[in-house]
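Analysis of the macromolecular model
If you want the building blocks of each chain, they are given just below.
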Amino acid sequence: MAALVPERPTWLEIDRSALLNNVRQLRALLTPPSLLTGVVKANAYGHGAVMVCRLLVEAGVDRLAVATVGEALELRAADIHLPILVLGYTPGALALEAVAQEITLTVFDLETAGAIAAAAQASGKRARVHLKVNTGMNRLGVAPGDARALLSALSEMRSLEVEGIFTHFATSDTDRAYAEEQFRCFVSVLDELAAAGLRPAIAHAANSAATLTMPHAHLEMVRCGIALYGLDPDEDDTPLPSTFVPVMSWKAQVAQVRHLQPGDAVSYGREFVAQQPMTVATIPVGYADGFPRRPRTWGSVLIHGQPAPLVGRVCMDQCVVDVTSIAAQQPVRQGDEVVLIGRQGRAELSAAEVARRIGTNNYDVVSRILARVPRYVVEGCVGDEGKVGDEGRHE
Ligand SMILES: *Cc1c(COP(=O)(O)O)cnc(C)c1O
């Protein structure tokens, strides 16, 4: 890999070989013609949507899904031509541009579907939509008992093409029995529609967890997010097979090193006061990068392959870590590499470990990393078997 000169002394590295590997691993679970949709909402779970989508196109995913029309338009503006499904609610007023850009929308009520159809008709186009059915998540979707009537009304709308129908599992990562119950409900809706000659061509239900553990639920398409990025749907109940590899590393460079005397305090509010002589390093990462300040912090980062604990309050753009014991072995200098997520030498700080420390899940840890942290694609060394090369990654 050519030396990376990041435009800021903190950045994300997106491992191309890991992402391509994870797509291969998912593809191997599917039986054609099940389509693989890559879920890239929330800036591709913080990984960088446009960059990730270009790699997903290269990896041969069939389709993309996002949460909002704005996210879909960003991809179209970047010349991503795959079919894109907006999973969330799109008000009629936003439909015109979506239809013009051939973005597929989710519908679940007659009124919104009518507004979308009217927008399509006004521009002389057909709007492609998927109908969402609520089978137990109770977030978005038409009631199972109302699906047939709604679909039959939608099929009367000339400017609407109902290409798909889907539902979403509440517990496919933690409670398989409830997920199976939801799936049975969905299948009975599909059967009823088929009998009425109304079943849309593409039915889908599985997220990453169900793609891994409920092969009978793959139907015509699966929607995978977290597994693409090499992160577990649930660390305890649905870990990824070991052939999947995390895609993201978060790195920084030490901005400054200083020595403290007993009584010297660090950062706003002087909450941390040195009790003995110590060495601290300032890291150019703060809460406005997605590095939380409250109620709990990251705890520590890696420097020279060892944990460096945070001291004092995390600021908007910077924070300070204790490197006393690390510096006792080898001086810590400005520019030294800091790892916030990922590997450094033999040490690893995973998104899941960070999630445990701050009291959330790995989805939340990575998707909260804000846009001002630059993202770069790096070529890792994940081989065809999903194994990391002997020399380690990025080294
Ligand atoms: C986010 C989302 C997914 C992807 O879930 P993962 O657990 O990341 O695979 C699939 N479907 C819907 C409706 C979603 O909102």
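Because the structure is a prediction, the values reported are computed rather than measured. (Residues numbered from 1 in each chain as written. Predicted model: local features only at pLDDT ≥ 70, side-chain atom pairs only at ≥ 80, totals over all residues. Heavy atoms only, no water.)

1. A closer look at the domain arrangement of the chain
Segmenting the chain into domains produces domain 1 (16-229) and domain 2 (248-394). Domain 1 and domain 2 are separated by 37 Å when their C-alpha centres are compared. Between domain 1 and domain 2, the residue contacts involve 15 residues of the former and 17 residues of the latter. When domain 1 packs against domain 2, the two sides together hide about 1400 Å² of surface, and 55% of this comes from carbon and sulfur. (Domains from an automatic or database assignment. Contact = heavy atoms within 4.5 Å. Buried area = accessible area lost by both parts, 1.4 Å probe.)

2. Some details on the sheet that holds strand S5 (residues 104-107)
Ordered in space as S2-S3-S4-S5-S6-S7-S8-S9, the eight strands form a closed barrel in which the pairing is parallel. The sheet shows a mean angle of 30 degrees between the axes of neighbouring strands, direction not considered. As judged from the two bridges shared by strand S8 (residues 202-206) and strand S9 (residues 221-224), these two strands associate in the parallel manner. For Ala206, the partnering residue across the bridge sits in S9 and is Val222. Here helix H8 (residues 176-195) sits on the sheet in contact with strand S7 (160-166) and S8, set at roughly 175 degrees to S8. (Pairing = 2+ DSSP bridges. Helix = DSSP H or I, 4+ residues; strand = E, 2+ residues; numbered from the N terminus. Axes fitted to C-alpha atoms, helices over the stretch in contact; angles between N-to-C directions.)

3. A short note on the layout of surface pockets
By volume, the largest pocket amounts to about 740 Å³. Put simply, the parts of the chain that give the lining of the largest pocket at least two residues each are helix H2 (41-45), strand S4 (84-89), helix H9 (208-213), helix H11 (351-358) and helix H12 (362-367). A breakdown of the residues in the lining of the largest pocket according to their chemical character gives 16 nonpolar, ten polar and eleven charged. Structurally, the lining of the largest pocket is a two-domain feature, drawing no fewer than three residues from each of domain 1 (16-229) and domain 2 (248-394). Taken as a whole, the second largest pocket holds about 290 Å³ of empty space. Around the second largest pocket, the lining is made up of 24 residues, and of these Gly230, Leu231, Pro246, Glu348 and Ser350 lie nearest the centre. For the lining of the second largest pocket, the elements supplying multiple residues, two or more each, are strand S10 (248-253), strand S18 (337-344), strand S19 (347-349), H11 and H12. (1 Å grid on protein atoms, 1.4 Å probe; cavity = no way out; pocket = protein on both sides within 12 Å on 5 of 7 lines; lining within 4 Å. Points joined across faces, edges and corners; volume = space filled by probe spheres on them. Nonpolar A, V, L, I, M, F, W, Y, C, P; charged D, E, K, R; others polar.)

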